[in-house]
Structure formats: structure tokens, C-alpha cells
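The primary structure of each chain is shown beneath.
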Amino acid sequence: MSTENLPQSPQQPPRKPRVAVVFGGRSSEHGISVVTAGAVLRAIDRTKYDVLPIGITKDGRWALTADEPERMAITERRTPSVEELAESSEGGVVLPVDPANREVVYSEPGSVPKALGEVDVVFPVLHGPYGEDGTLQGLLELSGVPYVGSGVLASAVGQDKEYMKRVFTSFGLKVGPYMVIRPREWEQNESAARKKIVDFAGEHGWPLFVKPARAGSSIGITKVDDLSGLDEAIAEAQVHDPKILVEAALRGREIECGVLEFEDGPRASVPAEIPPPQEHAYYDFEAKYIDSTPGIVPAPLTPEETAEVQKLAVDAFEAASCEGLVRADFFLTEDGEFVINEINTLPGFTPISMYPQMWEKSGIGYPELVDRLIEAALRRSTGLR
């Protein structure tokens, strides 16, 4: 029998990929993560993707939040929080743990759980521990949900500055002098641990930079000019991480370079230079985010220097097995040598942050950058790769 004259059922339009933007979190960088999420939410092409904003509160609750990027900005020198954006003070969002099911569920005490639909890809914009460090990436691997950025190992290496430096050294990348004080060392013998730092200063000179080993956004970092400021600097770093990193000061220019994953592999952006901030001792949290100290993009380097730092940035990306994006930070020393300071697997990502600015000057604007990262995540499978 011919079906030619039978009525045809209308075809359903294909479903747009659904992007869950996950932000906030339990780290000291909670507020900056919310600001980043606002920028990403504004930039995502809503004709191409459906979007589900999910905020993680400071105590770790996954909250359904309003899709209102205008409320996710720094106002009066104050960063926003997920608690201010959550639709409920008690409701929670639950990701699936079954790779065959990508449906997200929302529940409140005393109410029937509500299905929010399937998620095709997660765009995590969490900075610091409990998000950028491989913990969230491991959860998403278990759930079988693709996500933007590096996997478990690279995220963990990128968060722990000690092991990051160890990896770079093993791949032949030059790092500056540093030392680590682990929690057990400090707990068992404070005076011996302090003496190790003083001996390090005797070998490399003052000033030193005392940092939380597993934090970012320049939070908890102190420039220590002499012995009198050491104890206060250690205490400040330990507020954010019981493991602390001590670095010798390197004299030279601060140069940054972005790396982005393309279909044929990672490529480097034009580099940027961070000039010494006029009202701050160094490029700290307030200089970066509150006072928005401007960088120079592109950096005034020779063609040879530009090519070298771009190669080194890609080398660092590959050494740590990164995916998606990385910002690599270097010092160009007075003798003309590039020394890598660190990488960020989820760098500052507001439109005024250096990573997007470097790609803007490289020909890729912020909305296209966001789109490329989502597409790269959708191309990858979860699991071993």
C-alpha cells in the first residue's frame, strides 16, 4: 500500500544541546567564580544552546539559581554570592551518577523531586579547590557528562603548585626556586619548619612570596620583605591551605600567554604583559579584580620572544595533559630567559580578564571563545582518552 497520500506527522525540531553552567563553590574564590559565570551566561549563544545555571553555595549545596547575569557583577568593591542568587534556601540540584542517564533533578524538603531535563555538557567556572582541582571533574567522569576544560589529572596538577612545578621540571621547563611546607611538618615542629624558610631566604634572598599551595586568584599570597613579616604571611596562607609554598622573588617582566584547544590541537594566543601595579605591592587579588589593573596586550616583545613564549605555553599545556584552555604565566628574567611560574586550567574568565583579552587580540572574541570551549567539550568523550 502506498503511503504517499497519508497524512505525515510533523517532525520534532532537534533539541538544542543543554549547557549547565556550574559556579560558586566552597573555595576562597567563590565570588570571582560567580562573576565569571555571569560573563559566560551573557556570552552563550541562546539560539544554539539551552542553558541551566547551577550555583554551589559556600557550604557545598548545589542550588538552582536565577539566569540573571546582571546580578553577578562586582558592586561597590564586593563580589556576589550564590546564596544571593539561589531560588531557594533549602532546595538542591542532583546530577545523575548513572552514565546512561543525564537528567538533572531538583528537590526541596517536603516536595516531590522535579526533573530539570538532560544535560549534554557542563561548563564549570569554579575556581580553586572543590571545583578546579579535579574533584568536580571526577564527579562528571562518573556521571558520564562531558565538560569544558581539563580532566582529573591535569586539573589536580594545575591546582597544586608544588606538583605542577615538579611536572614542568620533568619536561624540561625552567621554574624558579621554591620550597614547600606540608601540614605535618608545621604541626610537628613549627620552629624547624620556620627555620627551613629562613635558610631558603638566606640562600635566595628577600623578598619571598608565601602562598597557599592549592589556591588561585592571588588569594592568601603575601610578599615578605624580611623576617619580621614571615609569621603573619604563613598564617595568612594557612587560612586558605594548610600546605604552603614559598617562592624566591624573580626579577623580570611578568608575561602571560593563553592556550586554546582547536580541532587540530592546542594553539597559543598573543602574549600579554602585566606591568607592576602602581597602588599595590604586586599583582594581587585587588589589583586583578577590584581595581582591574590593565595588562598590555599584545606584550611588547620581539618576534623571537613572542614565538618562544607561545611554544613554552603549549609545551606546558601538553606537559600537564591539559584540555580546553590554559593560561600560562611566565617571568622574562633580566638575562632574557623565560621561567614558568604557573598555569591556570580555569583562568580568570571575565571579559576584562587577561585570558579573554589575549584571545580577543588574537582574533577570537569572547562569545566565540565560549562557543569554541563548549564545542571542544562536546567533541570529547568522558573516561580514559
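Our subject is the structure that appears above.
So, here is what we can say about the structure in this document. (Residues numbered from 1 in each chain as written. Predicted model: local features only at pLDDT ≥ 70, side-chain atom pairs only at ≥ 80, totals over all residues. Heavy atoms only, no water.)

Points about the sheet that holds strand β4 (residues 92-94)
Pairing in this open sheet of three strands is antiparallel, and the strands run β4-β5-β6 from one edge to the other. With one partner strand each, in any of the chains shown, β4 and β6 (114-118) form the two edges of the open sheet. The average angle at which neighbouring strand axes cross in this sheet is 25°, direction not considered. As paired elements, strand β5 (residues 103-107) and β6 share four bridges and run antiparallel to each other. Residue pairing across strands places Glu103 opposite Glu118, the latter belonging to β6. (Pairing = 2+ DSSP bridges. Helix = DSSP H or I, 4+ residues; strand = E, 2+ residues; numbered from the N terminus. Axes fitted to C-alpha atoms, helices over the stretch in contact; angles between N-to-C directions.)

Quick word on empty space enclosed by the protein
Per the counting criterion, the structure on display carries four cavities of 30 Å³ or more. If you add up the space inside the largest cavity, you get close to 90 Å³. As for the largest cavity, its lining consists of Pro124, Leu126, Gly131, Glu132, Gln137, Val148, Gly149, Ser150, Ser155, Leu325, Thr345 and Leu346. Looking at the lining of the largest cavity residue by residue, the classes come out as five nonpolar, six polar and one charged. Roughly 60 Å³ of volume is contained in the second largest cavity. Across the lining of the second largest cavity, the residue classes tally to three nonpolar, four polar and three charged. (1 Å grid on protein atoms, 1.4 Å probe; cavity = no way out; pocket = protein on both sides within 12 Å on 5 of 7 lines; lining within 4 Å. Points joined across faces, edges and corners; volume = space filled by probe spheres on them. Nonpolar A, V, L, I, M, F, W, Y, C, P; charged D, E, K, R; others polar.)

Considerations on the layout of surface pockets
By volume, the second largest pocket amounts to about 230 Å³. For the second largest pocket, the full set of lining residues is Glu141, Tyr147, Gly151, Val152, Leu153, Ala154, Ser321, Glu323, Gly383, Leu384 and Arg385. Of the residues forming the lining of the second largest pocket, the biggest block, three residues, is contributed by helix α4 (residues 152-159). Split by residue class, the lining of the second largest pocket holds five nonpolar, three polar and three charged.

Comments concerning the sheet that holds strand β11 (residues 244-248)
With respect to topology, four strands assemble into an open sheet ordered β8-β11-β9-β10, the strand pairing being antiparallel. Only two strands of the sheet have a single neighbouring strand rather than two, namely β8 (178-181) and β10 (222-224). On average, each strand axis in the sheet is inclined to that of its neighbour by 25°, with strand direction left out of account. The sheet contact formed by strand β9 (residues 208-212) and β10 spans three bridges and is antiparallel. Residue pairing in the sheet places Leu208 in a bridge with Val224 of β10.

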